[in-house]
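# Architecture and fold: a report
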Amino acid sequence: MRFRHPDGTTVHLAYCTNVHPAETLDGVLAQLRDHCEPVRRRLGRDRLGIGLWLARDAARALVSDPSALRDLRCELDRRGLEVVTLNGFPYEGFGAEEVKYRVYKPDWADPERLDHTTALARVLTGLLPDDVTEGTVSTLPLAWRTAYDDAGAEKARTALLTLAERLDALQELTGRSIRVGLEPEPGCVVETTGDAVAPLAAIAHHRIGICVDTCHLATSFEDPHTALDALTAARVPVVKSQLSAALHAEHPHLPEVREALAAFDEPRFLHQTRTSTAAGLRGTDDLGEALAGDALPDGAPWRAHFHVPLHAAPAAPLTSTLPVLKSALTRLVGGPHPLTRHLEVETYTWQALPPELRPRGRTQLADGIAAELTLARDLLTDLGLKELP
């Protein structure tokens, strides 16, 4: 979906396909048929933006076979779909029964992360619509914090500098500009937008910036306007933003609140949990750890890294951080000029929701994704953006 900002800029809205498990190119093609086109039809649009997640095997197949890449581009066109952004964070196995810490491998100290991201950038130049010259890729925020030392930091910095050089060369070759954004996430080396400033300043290249995920932003109790103003002051580009909402518990000391939270403690994904105290941010790596005892102070609200559907906040006594998303969006695209032109709804946890909230089959899932995109569209038009055909 495309929108015209009052300054004339085109802003793209997509939904991320990492909600649909697929490791191979055949799996990606099936996603387009079974999920993406049905969502587009529900929205009554001739064209729908999707933020493709291409796992390692799918990316390798596309970068090594130009005809496969052309076929994918033709299939996108045939189904009324377009791609301007890729989710390059998960590497493989994102649909596994247990993902947890594995999603952070390989990190930016491992040459495979550089190779994979380079492959994604090359693929994206071949997928961009004919009238679009800029694509974006979101990526791991360097590494999970416990697997990182000075040697790793230096390897990561060198890898990102190499990536920037490769992206420059790719533009020379194709005429398409690809930018990559580190996506701050709780528990990682770069947990907050503030943590991103120093490593990105060390690279100081316009092709390497930040991807602001509004669930992660909220989980770390960052104020969106303060965070985005600081990034602007530091000249850190917001390459893209993922529109998502975290789980919020206002009174975590109450037994009924803990019981409600426990329903979201599931085995597939890591649900980092945070609270803001007078002494600073406190947290656990997973929701179950927070609920197990006194690992986390419960005198102030808790937020958990669980991407809940934008249009359907959990039932009381829980809620979501949708207000943080709205505030961030106001700063991102509500001003005289947009801070970013690529927005991506990213709720990958539909099948990890408590059983009574999970979609039963493809039809309900497509309905839910369409409802999220409708909410996002309404937020954008309320900010003065005009939806384009």
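Figured I'd write up the structure that's included with this text. (Residues numbered from 1 in each chain as written. Predicted model: local features only at pLDDT ≥ 70, side-chain atom pairs only at ≥ 80, totals over all residues. Heavy atoms only, no water.)

## Digging into the packing of helix 1 (residues 25-43) against helix 12 (residues 362-382)
Closest axis-to-axis distance for the helix 1/helix 12 pair is 9 Å, and the angle between their directions is 55°. In terms of axis orientation, helix 1 runs oblique to helix 12. Where helix 1 crosses over helix 12, the two elements pack in a sense that is right-handed. Across the interface between the two elements, Asp 34, His 35, Val 39, Arg 42 and Leu 43 of helix 1 pack against Arg 362, Thr 363, Leu 365, Ala 366, Asp 367, Ile 369, Ala 370, Leu 373 and Thr 374 of helix 12. When its residues are assigned to classes, the contact of helix 1 with helix 12 shows seven nonpolar, three polar and four charged. (Axes fitted to C-alpha atoms, helices over the stretch in contact; angles between N-to-C directions. Helix = DSSP H or I, 4+ residues; strand = E, 2+ residues; numbered from the N terminus. Parallel < 35°, antiparallel > 145°, perpendicular 65-115°, else oblique. Left-handed = near helix turned anticlockwise from the far one by under 90°. Contact = heavy atoms within 4.5 Å. Nonpolar A, V, L, I, M, F, W, Y, C, P; charged D, E, K, R; others polar.)

## Points about the pairing of strand 14 (residues 342-345)
Covered by surrounding structure in strand 14 are His 342 and Glu 344 together with Leu 343 and Val 345, the residues of both alternating faces. Pairing of strand 2 (residues 10-16) with strand 14 involves four bridges; the strand directions are parallel. Opposite His 12, over in strand 14, you have His 342 as the bridge partner. Judged from the three bridges that link them, strand 8 (residues 238-243) and strand 14 form a sheet pairing that is parallel. Opposite Leu 243, over in strand 14, you have Val 345 as the bridge partner. (Buried < 20%, exposed > 50% of the residue type's maximum accessible area, 1.4 Å probe, protein only. Pairing = 2+ DSSP bridges.)

## Comments concerning the sheet that holds strand 10 (residues 273-277)
Backbone hydrogen bonds hold the strands of a sheet together, and the pairing may be parallel or antiparallel. As summarised here, the arrangement of the five strands in space is 11-10-12-9-13, forming an open sheet in which the pairing is antiparallel. In this open sheet, the two strands that pair with only one neighbour each are strand 11 (280-284) and strand 13 (318-320). Shown here is a sheet whose adjacent strand axes are inclined to one another by a mean of 30°, direction ignored. Bridge count between strand 9 (residues 245-249) and strand 13: three bridges; the pairing is antiparallel. Residue pairing in the sheet places Leu 247 in a bridge with Ser 320 of strand 13.

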